[in-house]
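# Coordinate inspection notes
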Amino acid sequence: MKLFSYFTPKTPYILVYMLQQFEYNPSKFLNWIFTYPDLSNIQKRGKLELTARAKLMLAIGYFIWIINVFFVVYNTIIMSVTAIIGLIMIPNIVIFSLFISDYLLQSVVVNPAQNKEITKAKQKLKTLKGVRIAVIGSFGKTTMKDLLNTVLSEGKKVAVTPGNKNVLISHARWINRDVDEDKEVLVFEYGESEPGDINKLANFSKPSIAVVTGIAPVHMDSYPNLNSIAKDFACISDFVKTEDTYINNQELLTSKIQGNIYSSSNIGKWETNNVSTTFEGTNFTLTNGDESLKIHTGLLGIHNIGPIIAVIAIAKKLGLKNEQIITGVAKTLPFEHRMEPRQLQGAWIIDDTYNGNIEGMRAGLALLKELPGKRKIYVTPGLVDQGNETDSVHLELGNLISATNLDKVVLMKNSVTDIILKGLKGGNYSGEIVIESNPLEYYSNLEHYLAAGDVLMLQNDWPDSYK
Amino acid sequence: MKTVAVIFGGRSTEHDVSIVTALASIIKPLELTKQYKVEAVYISKNGAWFWDDKLKDITLFSSGMIQEYLHKTQPISIQLDGGMSLVKSSGIAGRKTIRKIDIVFPATHGTFGEDGSLMGLLRMAGVPFVGCDMDASVLAMDKVLAKQVAESNNIPVSKYQKVYRDDFVRKSADVLRGIESSLNFPMFVKPVHLGSSIGITRVNSTQELQNGIEVACHYDSKIIIEEEVPNLIEVTLPIIGNDQLKPALLEKPLTKPEDFFDFETKYMHGGKGGKKGGKGIKGSQGYSELPAQLDDELYKKAEQIGLNVYHALGCSGIARVDMLIDSKSRMVYFNEVNPLPGGLYEHNWRAAGVSSVDLVQTLIRLAEEKFQKQQQENTMFSTNFLQQF
């Protein structure tokens, strides 16, 4: 069956889809194909986006495939043994053609065009006067960026990098195309996928304020260990002063980076109390001596309080008034697929499918424990990119789930399922366990699994590029 | 993996409702459990049986393509082999596909399906099946018998009269006079054996009564005429269980007595207030108040009467008990029982905290438990009778 999946008319389409999943990185594509994946199991979560590049790759893939098929048919007609060789070679030739085409396209067209774009953006950046804030971290970057945008916009003209665009070329495109000279604050989200990325991005944007949102084992295929990620983050100190750096209270971060440390309980002399969380949001009071701010945010969970008070501190530094800050924070709402609550026929679903690290899982499970519900159901495939930490992270996840007293755990079947199960067993989990082999079917039929009063949390999704 | 046959369609006026019940409320959640091999068994309007995975697709029915399918396809047969098997002929060299059925999930409403006929066949076959057994189905589907059983168990029922079609045809004037002498207008005229409110008329005069009976006689040979309960609150209660009963929520349809639940209101437009929205929940039977807003005492009284009726009629698996409440006198009257609620009343169960998947799994479990219990009953008796010959 696995071998047969390389010989169907859909094979070129699936290969192009996977190229797109790897952002057309030819070496990642080649590494993946060397694992000899079952192509019939691909595309359970997404579909090929028909961009111009995807169409070109599809045309190449199918052109080569059709030529090969004709070759095989012709040789079969003339009863030549070459037909068998041709048949065996079809997938190899298609894979090789796509790899070479992608490599050439990247080297000859894409890379020079991107270099040109970056040079142009650097020139434009010299003319922009806005305060530049860098948002760095293994998790919580997009949340922090959106919080900064919502709160600071109450008193400043703010521009932020769009969506998940957190690599150099997307920063350059954003500066060239979308950022006006009148912007007073520019917020850059820094993505890190390999050592040196943070330094490269900081060299481009030259920030004066930085927020380090947290560290967790992600992209462990590129980083040897957590220390190396922390070291990468710490290079921000070469660009930003200590008093303008804000760091989540994690020992690994605070031991390597100097700055203002924030947590859900305090930042400097500002302390939080009267904390409560519902499906409508989180409330708390922020106090410093006689000064007190009553804060409401639409974001769910105590883990959001730390980032919010960091943003409040930055807003105060940039001169926003307390009223503006309170109004701004009240406008913050859950972001798409990040602890985003929605109701389904009387049940609550907390969509946290963009969560991809153990710290986020911990926060999500803490929230699930805190929220009221008749039945509590937790759905996850586990985490990708955990490298050497894979076993320990998933054992920990199993233990965390066990400690949350859930009624049901649904695990999307993949290579880490057995490790989570081991963690559940170790944690003496006593609820129901379901192993689901078809995530898309499960997600699209939630209304059949849920009843009024249930709370279901979806944490992380498992890309097709992982086994 | 056990094989569950979901039987739907049938020779009934509720044929179409049955298709929706089977496909949306039974087959889909059963397949999502991934614990059963689900076989779709469709009975056409002329009584032929078909078995095919294609029959799980609602578009086959909604597009009208079902007619073409029936025209091209050979009906199947049933093999009673100490159990039940579906037998499909391939049409090639006499080859047949045979599928042994472990459990049957009847999804047929009304005559030949919900009235005990199918249950009788399944009992004969010796296969476990979901829902009420043959005797409870017979009682539940005869509105007169059901009321008589309720009365004998001290459960209040509204005033009613029964009429046989033959009597009405032969001496309609006497019949009408007899009804008017014992019941007051307004009244409801209903075919005794039909569900989904088909053939029901609310009447206010002798002429309307005559017309109403004529309409009802078109559907059934036995007619029931009920006196309207004043200050009416109509409620319904889905219940599951064999011995240990679990009620869902008491539900109140949001209709006035003058536009009572006819078929159109129930199934065609999501209720008469359906398009306008409004409070309540849109279930298989249009908009309703869920749970019914009654004070605690009245709610508990109605719930208890519902459970008593379920028990008195010997229901098992699932059923829905309809009741009528006089809001001034606070009297709760048993009205009728539906042994296979449309769509299993899954909207109500969901609101009561039971998901569609959990509901069908529970019903399968109840069916197996009931069957096991029946198997323990001795139906054989050894005698020397044959040795005399």
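Before reading on, note that the structure itself is shown above.
So, here's what we can say about the structure. Since the model is a prediction, treat every value here as computed from it, not as a measurement. (Residues numbered from 1 in each chain as written. Chains lettered and ligands numbered in written order. Predicted model: local features only at pLDDT ≥ 70, side-chain atom pairs only at ≥ 80, totals over all residues. Heavy atoms only, no water.)

### A word on the overall build of chain B
Regarding its fold elements, chain B presents 13 helices and 18 strands. Here the C-alpha atoms of chain B give a radius of gyration of 22 Å, agreeing with the 21 Å that 2.2 N^0.38 yields for 389 residues. Principal-axis analysis of the C-alpha atoms gives chain B an extent of 65 × 60 × 45 Å. Counting all 389 residues of chain B, 54% fall into the buried class. Long-range pairs, those at least 24 residues apart, make up 65% of the contacts in chain B with a sequence separation of at least 6. Total accessible area on chain B stands at roughly 17,700 Å², and carbon and sulfur atoms take up 50% of it. Averaging the coordinates of the 44 positive side-chain charges in chain B and doing the same for the 46 negative ones gives two points 4 Å apart. (Helix = DSSP H or I, 4+ residues; strand = E, 2+ residues; numbered from the N terminus. Rg over C-alpha atoms; globule rule 2.2 N^0.38 Å. Buried < 20%, exposed > 50% of the residue type's maximum accessible area, 1.4 Å probe, protein only. Contact = heavy atoms within 4.5 Å. Areas by Shrake-Rupley, 256 points an atom, 1.4 Å probe, with all protein chains shown as cover. Lys, Arg positive; Asp, Glu negative; His and termini not counted. Charge placed at Lys NZ, Arg CZ, Asp CG, Glu CD.)

### Let's talk about the overall build of chain A
Regarding its fold elements, chain A presents 16 helices and 16 strands. Relative to its length of 467 residues, chain A is compact, with a C-alpha radius of gyration of 25 Å against a globular reference of 23 Å. Across its three principal directions, the C-alpha atoms of chain A cover 95 × 60 × 40 Å. Counting every position in chain A, which comprises 467 residues, the buried fraction comes to 52%. Within chain A, contacts between residues separated by at least 24 positions form 70% of all contacts whose residues are at least 6 apart in sequence. Charge centroids of chain A, computed over 46 positive and 46 negative side chains, lie 4 Å from each other.

### Regarding helix 7 (residues 197-205) of chain A
Residues and elements named next belong to chain A. Turning to helix 7, its buried residues number three or more, namely Asp197, Ile198, Leu201, Ala202, Phe204 and Ser205. Angular distribution of buried residues about the axis of helix 7 spans 160 degrees; they occupy a single face of the element. Buried residues along helix 7 sit against helix 4 (82-125), strand 1 (131-136), helix 6 (168-178), strand 3 (185-189) and helix 8 (226-234). Phi turns positive, to about 45 degrees, at Lys206, one or two residues after helix 7. (Arc of directions from axis to C-beta.)

### Description of the sheet that holds strand 12 (residues 232-241) of chain B
Residues and elements named next belong to chain B. With respect to topology, four strands assemble into an open sheet ordered 13-12-17-18, the strand pairing being antiparallel. The strands lining the two open edges of the sheet, one partner per strand, are strand 13 (246-247) and strand 18 (331-338). Sheet contacts for helix 13 (residues 356-376): strand 12 and strand 17 (317-326); angle to strand 12, the most-contacted strand, approximately 60 degrees. (Pairing = 2+ DSSP bridges. Axes fitted to C-alpha atoms, helices over the stretch in contact; angles between N-to-C directions.)

### Re the pairing of strand 4 (residues 209-212) of chain A
Residue and element names in this part refer to chain A. Side chains Ile209 and Val211 of strand 4 all project onto a buried face; the interleaved residues Ala210 and Val212 project onto the opposite face, where all are buried too. Here strand 1 runs beside strand 4; their pairing, made up of four bridges, is parallel. From the neighbouring strand, Ile136 faces strand 4, where its bridge partner is Val212. Crossover connection from strand 4 via helix 8 to parallel strand 5 (residues 245-248): handedness right-handed. (Right-handed = clockwise from strand over helix to strand, strands pointing away.)

### Re the sheet that holds strand 10 (residues 201-203) of chain B
All names here are of chain B. If you trace the four strands from one edge of the open sheet to the other, you get 8-11-9-10, paired in antiparallel fashion. Single-partner strands in this sheet number two, and they are strand 8 (160-164) and strand 10. Each adjacent strand pair in this sheet contributes to an overall mean axis angle of 25 degrees, direction not counted. Of the strand pairs in this sheet, strand 8 and strand 11 (residues 222-227) are connected by five bridges, and their pairing is antiparallel.

### Quick look at a nonpolar patch on the surface
Taken together, the side chains of Phe96(A), Ile100(A), Tyr103(A), Leu104(A), Val108(A) and Val109(A) present a nonpolar region at the surface, about 580 Å² in accessible area. Tracing the sequence through the fold places Tyr103(A) in helix 4. (Patch = residues over 30% accessible without salt bridge, like charges linked within 9 Å, V, L, I, M, F, W, Y side chains within 5 Å. Salt bridge = Lys/Arg side-chain N within 4 Å of Asp/Glu carboxyl O.)

### A few points about the interface of chain B and chain A
Contacts between chain B and chain A engage 14 residues on the former and 14 residues on the latter. Regarding the contact of chain B and chain A, the summed buried area is about 1,100 Å², with carbon and sulfur atoms giving 47% of it. Sorting the residues of chain B by area buried against chain A places Leu32(B), Lys34(B) and Arg350(B) first, and these three jointly supply 49% of that buried surface. Summed over the shared surface of chain B and chain A, the result is three salt bridges. Across the salt bridge formed by Glu436(A) and Lys34(B), the nearest N and O atoms sit 2.1 Å from each other. (Buried area = accessible area lost by both parts, 1.4 Å probe.)

### Here's the deal with the environment of Ala83(A)
Residue and element names in this part refer to chain A. Here Ala83 lies in helix 4. Taking the relative accessible area as the measure of exposure, Ala83 reaches 8% and is therefore buried. Considering only alpha carbons, one finds Ala83 and Asn68, 15 residues apart in sequence, at a separation of 9.7 Å.

### Points about the side chain of Asn355(A)
All names here are of chain A. Mapped onto the elements, Asn355 comes out in the loop between strand 12 (347-352) and helix 12 (358-370). What makes Asn355 buried here is its relative accessible area of 7%. Of the polar contacts made by the side chain of Asn355, one reaches the side chain of Asp352; its length is 2.7 Å. Within the structure, Asn355 has its side chain in polar contact with the backbone oxygen of Gly360 (distance 3.0 Å). Residues contacting Asn355, with those up to four places away along its chain left out, are Gly360, Met361, Gln459 and Asn460. (Polar contact = N/O pair within 3.5 Å; in protein donor to acceptor, adjacent residues only side chain to side chain.)

### Description of the packing of aromatic side chains
For the coordinates displayed, the defined rule picks out 13 aromatic pairs over all chains. Relative to Tyr103(A), the ring of Phe99(A) has its centre 6.4 Å away and its plane inclined at 25 degrees; by these criteria the two rings are stacked. Here Tyr103(A) and Phe99(A) lie together in helix 4, a separation of four residues that amounts to about one turn. Arg11(B) extends its terminal NZ or CZ atom over the ring of Phe112(B), reaching a point 4.2 Å from the ring centre. Sitting above the plane of the Trp51(B) ring, Lys88(B) keeps its charged end 4.8 Å from the centroid. (Phe/Tyr/Trp six-rings, centres within 6.5 Å; stacked < 30°, edge-to-face > 60°. Lys NZ or Arg CZ within 6 Å of the ring centre and 35° of its normal.)

### A closer look at the packing of helix 3 (residues 52-77) of chain A against helix 4 of chain A
Residue and element names in this part refer to chain A. Orientation of helix 3 relative to helix 4, taken along the N-to-C sense of each, is 160 degrees, at an axis distance of 9 Å. When the interaxial angle is binned, helix 3 and helix 4 end up roughly antiparallel. For the pair helix 3 and helix 4, the sense of crossing is right-handed. Along the lines of polarity and charge, the residues of the contact of helix 3 with helix 4 split into 16 nonpolar, nine polar and two charged. (Parallel < 35°, antiparallel > 145°, perpendicular 65-115°, else oblique. Left-handed = near helix turned anticlockwise from the far one by under 90°. Nonpolar A, V, L, I, M, F, W, Y, C, P; charged D, E, K, R; others polar.)

### Section: the pattern of salt bridges
For the structure on display, the rule yields 39 salt bridges over all chains. We note a salt bridge from Asp244(A) to Lys317(A), for which the minimum N-O separation is 3.1 Å. Here Asp244(A) is found in the loop between helix 8 and strand 5, whereas its partner Lys317(A) is found in helix 10 (residues 305-317), with 73 residues between them in sequence. Taking the relative accessible area as the measure of exposure, Asp244(A) reaches 14% and is therefore buried. The exposure class assigned to Lys317(A) is partly exposed, which follows from its relative accessible area of 40%. Taken together, the salt bridges that share partners define one network made up of Lys147(B), Lys190(B), Glu226(B) and Glu336(B).

### Regarding helix 1 (residues 11-21) of chain A
Residue and element names in this part refer to chain A. Among the eleven residues of helix 1, nine are classified as buried, and the element is accordingly described as predominantly covered. Those residues of helix 1 not exposed but buried are Thr11, Pro12, Ile14, Leu15, Val16, Tyr17, Met18, Leu19 and Gln20. On the buried face of helix 1, the contacting elements are helix 2 (26-33), helix 3 and helix 4. Residue Glu23 follows helix 1 closely and has a positive phi angle near 50 degrees.

### Points about unusual backbone geometry
The phi angle of most residues is negative, glycine excepted, and most peptide bonds adopt the trans form. The omega torsion across Phe185(B) and Pro186(B) is -10 degrees, close enough to zero to call that bond cis. Of note, the bond from Leu290(B) into Pro291(B) is cis; its omega dihedral lies within 30 degrees of zero at 0 degrees. Turning to its location among the elements, Pro291(B) is positioned in the loop between strand 16 (286-289) and helix 11 (296-312). One non-glycine residue with positive phi stands out, namely Met79(A), at about 60 degrees. Here Met79(A) shows up in the loop between helix 3 and helix 4. Overall, Met79(A) belongs to the exposed group, its relative accessible area being 73%. Backbone geometry places Asn405(A), a non-glycine residue, at a positive phi of 55 degrees. Locating Asn405(A) in the fold gives a position in the loop between helix 13 (390-402) and strand 14 (408-412).

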